[in-house]
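Here is what each chain is made of, one letter per residue.
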Amino acid sequence: AQKVTQAQTEISVVEKEDVTLDCVYETRDTTYYLFWYKQPPSGELVFLIRRNSFDEQNEISGRYSWNFQKSTSSFNFTITASQVVDSAVYFCALRAGTDKLIFGTGTRLQVFP
Amino acid sequence: DTGVSQDPRHKITKRGQNVTFRCDPISEHNRLYWYRQTLGQGPEFLTYFQNEAQLEKSRLLSDRFSAERPKGSFSTLEIQRTEQGDSAMYLCASTPAATGELFFGEGSRLTVL
């Protein structure tokens, strides 16, 4: 069975702090895709990144970076120098052996000025 | 705006009434998904279409739910004899490829009184 676990329900930080959001996934498939989405207070899910299971290179995009480790089945997301606009719910998702995305329960990030 | 659009954005209905939601995907996307999201949870898969064919339907979806995508363009999700437990945000998403990221609309919020 496929499963995504985001153990952190809510994280609060002060602006300019770095913050890491954890994601652990479960699948027996060797080919799979991992995603991160952001859901701001407006409600629309915004795509952030997609990684396939054969590409373990970490990725950096501005203040965002992702650490994919197959050995621990984790795909963690770090925001460097957080800003108030980063406040949102962040979802990790998995596509494996099926055409649908399976989402975690999300981590609510609050960044205070 | 060429994103995914959903209508209505908010629907309030009385228990036992029927409701219908519409989704217009991004025009060149042949795959269309419906998800449901309740407060504090991640999106939960309901069903998806490739063109006009409904390829998968969640086992959690009761017989009161039906979705269509005539001509492979827009899609409708109908809920018959609504119950208070149907109150949720109904999300539509589309993608041009089986392994691609999903592009979500702003959702249709259903409140059943």
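Draft legend 1. Summary view of the packing of aromatic side chains. A complete count under the given rule lists 22 aromatic pairs over all chains for this structure. For the pair Y64(A) and W66(A), a centre-to-centre distance of 6.0 Å together with 85 degrees between the ring planes defines the contact as edge-to-face. Seen from their ring centres, F65(B) and Y90(B) are 6.4 Å apart, and the 35 degrees between their planes marks the pair as tilted. Highlighted residues: F65(B) in strand β7 (residues 65-68) and Y90(B) in strand β9 (residues 88-95), separated in sequence by 25 residues. Y90(B) carries the same exposure label as F65(B), and that label is buried. Taken together, the aromatic side chains of F35(A), Y37(A), F47(A), F91(A), F103(A), Y33(B), Y35(B), F45(B), Y48(B) and F104(B) make up a single cluster linked through ring pairs. In this structure, K100(A) packs its charged tip against the face of F45(B), placed 5.2 Å from the ring centre. Across from the ring centre of F74(B), 3.9 Å away, lies the NZ or CZ of R22(B), which sits over that ring.

Draft legend 2. Structural detail: the nonpolar core. Residue and element names in this part refer to chain A. Formed by 25 residues in total, the largest nonpolar core has its most connected members in W36, W66, F77, Y90 and L109. Broken down by secondary-structure element, the contributors of at least two residues to this core are β2 (10-14), β3 (19-21), β5 (32-39), β6 (46-52), β8 (64-69), β9 (74-79), β10 (88-96) and β12 (107-112). At five residues, β10 tops the list of elements feeding residues into this core. Ignoring anything within four residues of it in the chain, the contact list for F77 reads V19, T20, L21, W36, L48, Y64, S65, W66 and Y90.

Draft legend 3. Just the sheet that holds strand β3 (residues 19-24) of chain B, in detail. All names here are of chain B. The four strands lie next to each other as β1-β3-β8-β7, forming an open sheet whose pairing is antiparallel. A strand with exactly one partner marks an edge of an open sheet, and here the two such strands are β1 (5-7) and β7. Strand-to-strand twist in this sheet, taken as the mean axis angle between neighbours without regard to direction, amounts to 15 degrees. With five bridges joining them, β3 and strand β8 (residues 75-79) adopt antiparallel strand pairing. Looking at the pairing, C23 lines up with S75 of β8.

Draft legend 4. Representation of the state of the cysteines. This model, assessed by the stated rule, comprises two disulfides over all chains. Between the sulfur atoms of C23(A) and its disulfide mate C92(A) the distance is 2.0 Å. On the sign convention where negative means left-handed, the S-S torsion of about -65 degrees between C23(A) and C92(A) marks this disulfide as left-handed. Of this pair, C23(A) sits in the loop between β3 and β4 (24-26) while C92(A) sits in strand β10, and the two are 69 residues apart along the sequence. In this structure, C23(A) and C92(A) share a single accessibility class: buried. Residue pairing for C23(B): its cysteine sulfur links by disulfide to C92(B), the two sulfurs lying 1.8 Å apart. Sign of the S-S torsion, about -70 degrees for the bond between C23(B) and C92(B), identifies this disulfide as left-handed. Of the two residues, C23(B) is situated in strand β3 and C92(B) in strand β9; the sequence distance between them amounts to 69 residues. When sorted by exposure, C23(B) lands in the same class as C92(B), which is buried.

What counts as what
- Residues numbered from 1 in each chain as written.
- Chains lettered and ligands numbered in written order.
- Predicted model: local features only at pLDDT ≥ 70, side-chain atom pairs only at ≥ 80, totals over all residues.
- Heavy atoms only, no water.
- Phe/Tyr/Trp six-rings, centres within 6.5 Å; stacked < 30°, edge-to-face > 60°.
- Helix = DSSP H or I, 4+ residues; strand = E, 2+ residues; numbered from the N terminus.
- Buried < 20%, exposed > 50% of the residue type's maximum accessible area, 1.4 Å probe, protein only.
- Lys NZ or Arg CZ within 6 Å of the ring centre and 35° of its normal.
- Core = buried A, V, L, I, M, F, W, Y, C linked by side-chain atoms within 4.5 Å.
- Contact = heavy atoms within 4.5 Å.
- Pairing = 2+ DSSP bridges.
- Axes fitted to C-alpha atoms, helices over the stretch in contact; angles between N-to-C directions.
- Disulfide = S-S within 2.5 Å.

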